[in-house]
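A look at the structure
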Amino acid sequence: SQTIHQWPATLVQPVGSPLSLECTVEGTSNPNLYWYRQAAGRGLQLLFYSVGIGQISSEVPQNLSASRPQDRQFILSSKKLLLSDSGFYLCAHRDPGDYEQYFGPGTRLTVT
Amino acid sequence: GEDVEQSLFLSVREGDSSVINCTYTDSSSTYLYWYKQEPGAGLQLLTYIFSNMDMKQDQRLTVLLNKKDKHLSLRIADTQTGDSAIYFCAEALGGQNFVFGPGTRLSVLP
């Protein structure tokens, strides 16, 4: 069965500090991977998606970047965090040709 | 354009049925989904319906799709306190694009 992990689960970082959030998927090959942000009390905003190693598409211009160094690893980064980067970050995966998207447990980021 | 809308809040009494509604704008949607998010957790896929279907039933869940009006609903029969959560409607467009609604917070009152 497929499993998706995210860490850390929670993170408190000061403004201007760097960020690295990691997502890994088990039990699948060549998945499509996604990063979403959920601001407090709001819906999901798609930030990045990847269809393969080294292939990243950005949906919105922002302070964040993503990388996919391995087939089942997706990393969300920032060089300098802003207060507005606070939120709940969700990683998701979908098998090519499948119509179901599965989510990880999320990382709650608070920028102070 | 792509836009998915939902009411933000719904309260029901335990044992009653809940109906969560969603409207979408893109007629090219292939699949439509309902996700459940419990506090502090990720999203759990509840059910989905292909765009050429009108209805799908899965235990206490019934999904109705009116493609002409671009309206999707989720009915939860015999609502329990454990059903309290935020429910997201989402549509899958071509390619990689999943568009989510803002979520409906369901509160189940004893």
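These remarks concern the structure in this document. The residue numbering used here restarts from 1 in each chain and proceeds along that chain's sequence as written. Chain letters start at A and ligand numbers start at 1, both assigned in the order the entries are written. In keeping with the predicted nature of the model, local features appear solely for residues at pLDDT of at least 70, side-chain atom pairs appear and are counted solely at 80 or more, and the whole-chain, interface and lining totals rest on all residues. Hydrogen atoms and water are omitted, and side-chain values are computed over all heavy atoms in the structure.

All names here are of chain B. Classification of ring pairs uses Phe, Tyr and Trp, with its six-membered ring standing for Trp, and accepts pairs whose centres are within 6.5 Å; under 30 degrees between planes counts as stacked, over 60 as edge-to-face, and the remaining range as tilted. In total, this model carries 16 aromatic pairs over all chains according to the counting rule given. Between Tyr33 and Tyr35, the aromatic rings sit 6.2 Å apart at their centres with planes inclined by 35°, giving tilted as the arrangement. Summarising the burial analysis for this pair, Tyr33 and Tyr35 share the class buried. A ring pair is formed by Tyr33 and Tyr48, whose centres lie 5.9 Å apart and whose planes are at 40°; its orientation type is tilted. Exposure is judged per residue with a 1.4 Å probe applied to protein chains only, and the accessible area is read against the type maximum: over 50% gives exposed, under 20% gives buried, and values in between give partly exposed.

Residues enter a nonpolar core if they are buried and are Ala, Val, Leu, Ile, Met, Phe, Trp, Tyr or Cys, with the set joined through side-chain atoms within 4.5 Å. Counting residues in each nonpolar core, the largest one holds 21 residues, and the members touching the most others are Trp34, Leu72, Leu74 and Tyr87 of chain B. Numbering of helices and strands starts at the N terminus; helices are DSSP runs of H or I of at least 4 residues and strands are runs of E of at least 2. Elements with a contribution of two residues or more to this core: strand 3 (18-24), strand 4 (31-37), strand 7 (61-66), strand 8 (71-76), strand 9 (85-92) and strand 11 (104-109) of chain B. Setting aside its immediate chain neighbours within four residues, Leu74 of chain B contacts Ser18, Val19, Ile20, Trp34, Leu46, Thr47, Leu61, Thr62, Val63 and Tyr87 of chain B. One finds Tyr36, Leu44 and Leu90 of chain A together with Ile86 of chain B within the second-largest nonpolar core, a separate group that totals 20 residues. Note on definitions: a residue-residue contact is assigned when non-hydrogen atoms from the two residues lie within 4.5 Å.

On a regular strand, each side chain points to the face opposite its neighbour's, so the side chains alternate between the two faces of the sheet. Residues and elements named next belong to chain B. As paired strands, strand 3 and strand 8 are joined by six bridges and run antiparallel to one another. Among the inter-strand pairings, Thr23 is bridged to a residue of strand 8, identified as His71. Pairing between strands is defined by DSSP: at least two bridges between the two strands are required. Where strand 7 lies against strand 8, six bridges are found, and the strand directions are antiparallel. Bridge pairing in strand 8 links Leu64 to Ser73. Connecting the antiparallel pair strand 7 and strand 8 is a turn made up of four residues, with Lys70 showing a positive phi of about 55°.

Glancing now at the interface of chain A and chain B. Across the contact, 20 residues belong to chain A and 19 residues belong to chain B. Two parts placed together each lose some accessible area under a 1.4 Å probe, and the buried area is that loss summed for both. Buried area between chain A and chain B, both sides added, is near 1,500 Å², and the carbon and sulfur share of it is 58%. Salt bridge, as used here: a side-chain nitrogen of Lys or Arg that lies within 4 Å of a carboxyl oxygen of Asp or Glu. Seen at the junction of chain A and chain B, the total is zero salt bridges. Counting of polar contacts relies on pairs of N or O atoms within 3.5 Å, with two restrictions inside protein: one atom must be capable of donating a hydrogen and the other of accepting it, and residues adjacent in sequence are counted only when both atoms are side-chain atoms. Summed over the shared surface of chain A and chain B, the number is five residue pairs in polar contact (both at pLDDT 80 or more). Of all the secondary-structure elements, those providing two or more residues to the side of chain A that touches chain B are strand 4 (32-38), strand 5 (44-52), strand 9 (87-94) and strand 10 (102-103) of chain A.

Scope: geometric values only; no functional claims are made or implied.
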